[in-house]
Amino acid sequence: MSKRSATVERNTLETQIQVSINLDGTGQCKLDTGLPFLEHMLDQVARHGLVDIEIKAKGDLHIDAHHTVEDIGITLGQAFTKAIGDKKGVRRYGHAYVPLDEALSRVVLDLSGRPGLEMFVDFTRGSIGGFDVDLFYEFFQGLVNHAMITLHIDNLRGKNAHHQAETVFKAFGRALRMAVEPDPRMSGITPSTKGTLSESE
């Protein structure tokens, strides 16, 4: 399997973002976004997904974090699509349950080539460390739209909003690791009866 890494830049009037990703990494993470709590969550994805992620982002945070968070998701999704390639020889599906004290979340994903997000997280408060929890949905929506994946996120229980968020991102990292992992029994084969996992097919 060829090297699975990519770098993507996305520049608009609202944000300037550069993302590098290595799907066969060791969990290294280098982030400069101006959004400390989001960085804490993305670090969980890298460490538990064993992917290397580097993100540099400048956005109109003087307005709010919406544009920056959404565009980070978009650019990360674009980099993922570029890195994963034709998806031959991967497991395709991934899932994980992750607990943290009283909180428990489940994430299931499919490298389907079709974007879809079903996210059910009833956060117990509206802000964590100054970060608007509504923006987690915007991040994942931007990600799935450009990574071309189907993603189901369920927080099954939780009383502490920080724990709810952290279990979601850790589970996402674990599920992603499973899905992109090479399957030695499927070497060189696309894991689909259609013979393709392209969004255009």
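As the structure is a prediction and not an experimental result, all values here were calculated from the model. (Residues numbered from 1 in each chain as written. Predicted model: local features only at pLDDT ≥ 70, side-chain atom pairs only at ≥ 80, totals over all residues. Heavy atoms only, no water.)

Description of empty space enclosed by the protein
Tallying each qualifying case throughout the model produces one cavity of 30 Å³ or more. What the largest cavity holds in volume is close to 90 Å³. What lines the largest cavity is I21, V45, V51, I53, L76, F80, L143, A147, I149, F172 and L176. Tallied by class, the residues present in the lining of the largest cavity amount to eleven nonpolar, no polar and no charged. (1 Å grid on protein atoms, 1.4 Å probe; cavity = no way out; pocket = protein on both sides within 12 Å on 5 of 7 lines; lining within 4 Å. Points joined across faces, edges and corners; volume = space filled by probe spheres on them. Nonpolar A, V, L, I, M, F, W, Y, C, P; charged D, E, K, R; others polar.)

Some thoughts on the packing of aromatic side chains
The geometry of two aromatic rings is summed up by the distance between their centres and the angle between their planes. Scanning the model with the defined rule gives nine aromatic pairs in all. Considering the side-chain rings of F140 and F169, the 5.0 Å spacing of their centres and the 40° angle between planes classify their relative orientation as tilted. Placement of the pair is F140 in helix α3 (residues 134-147) and F169 in helix α4 (residues 161-180), with a sequence separation of 29 residues. In terms of burial, F140 and F169 fall into one category: buried. Grouping aromatic residues by their ring pairs yields a cluster made of F37, F123, F131, F136, F139, F140, F169 and F172. (Phe/Tyr/Trp six-rings, centres within 6.5 Å; stacked < 30°, edge-to-face > 60°. Helix = DSSP H or I, 4+ residues; strand = E, 2+ residues; numbered from the N terminus. Buried < 20%, exposed > 50% of the residue type's maximum accessible area, 1.4 Å probe, protein only.)

Points about the side chain of T15
Structurally, T15 is set in strand β2 (residues 15-22). Of note is the side chain of T15, whose polar atom sits 2.6 Å from the side chain of D71. Excluding residues that lie within four positions of it along the chain, T15 makes contacts with R10, K58, G59, H67, T68 and D71. (Polar contact = N/O pair within 3.5 Å; in protein donor to acceptor, adjacent residues only side chain to side chain. Contact = heavy atoms within 4.5 Å.)

Thoughts on the sheet that holds strand β6 (residues 103-110)
Ordered by their spatial adjacency, four strands build an open sheet running β5-β6-β10-β7, and the pairing between neighbours is mixed. Of all strands in the sheet, those bounded by a partner on one side alone are β5 (93-100) and β7 (116-120). Each neighbouring strand pair of the sheet contributes to a mean axis angle of 10°, computed without reference to strand direction. Strand direction decides the pairing type here: β5 and β6, joined by eight bridges, are antiparallel. Each bridged residue has a counterpart across the sheet, and for Y97 the counterpart in β6 is R106. The sheet contacts of α3 involve β7 and β10 (150-157), and relative to β7 the element is tilted by about 160°. (Pairing = 2+ DSSP bridges. Axes fitted to C-alpha atoms, helices over the stretch in contact; angles between N-to-C directions.)

A short note on the pairing of strand β3 (residues 29-32)
The sheet contact formed by β3 and strand β4 (residues 52-59) spans four bridges and is parallel. What sits directly across from L31, in β4, is I55. Crossover connection from β3 via helix α1 (residues 36-49) to parallel β4: handedness left-handed. (Right-handed = clockwise from strand over helix to strand, strands pointing away.)

Remarks on the nonpolar core
Within the largest apolar cluster, 59 residues are counted, with the highest numbers of intra-cluster contacts made by F136 and F140. No other element matches α4, which puts ten residues into this core. Leave out the neighbours within four places in its chain, and F136 touches F37, M41, M119, F123, I128, F131, A165 and F169. (Core = buried A, V, L, I, M, F, W, Y, C linked by side-chain atoms within 4.5 Å.)

Considering the pattern of salt bridges
Within the structure shown, the criterion is met by eight salt bridges. Measuring nitrogen to oxygen at the nearest pair gives 3.1 Å for the salt bridge that ties R10 to D71. A residue pair is termed long-range when its members are at least 10 positions apart, and R10 in strand β1 (residues 5-11) and D71 in helix α2 (residues 66-84) qualify at 61 residues. Using a relative accessible area of 5% as the deciding quantity, one classes D71 as buried. (Salt bridge = Lys/Arg side-chain N within 4 Å of Asp/Glu carboxyl O.)

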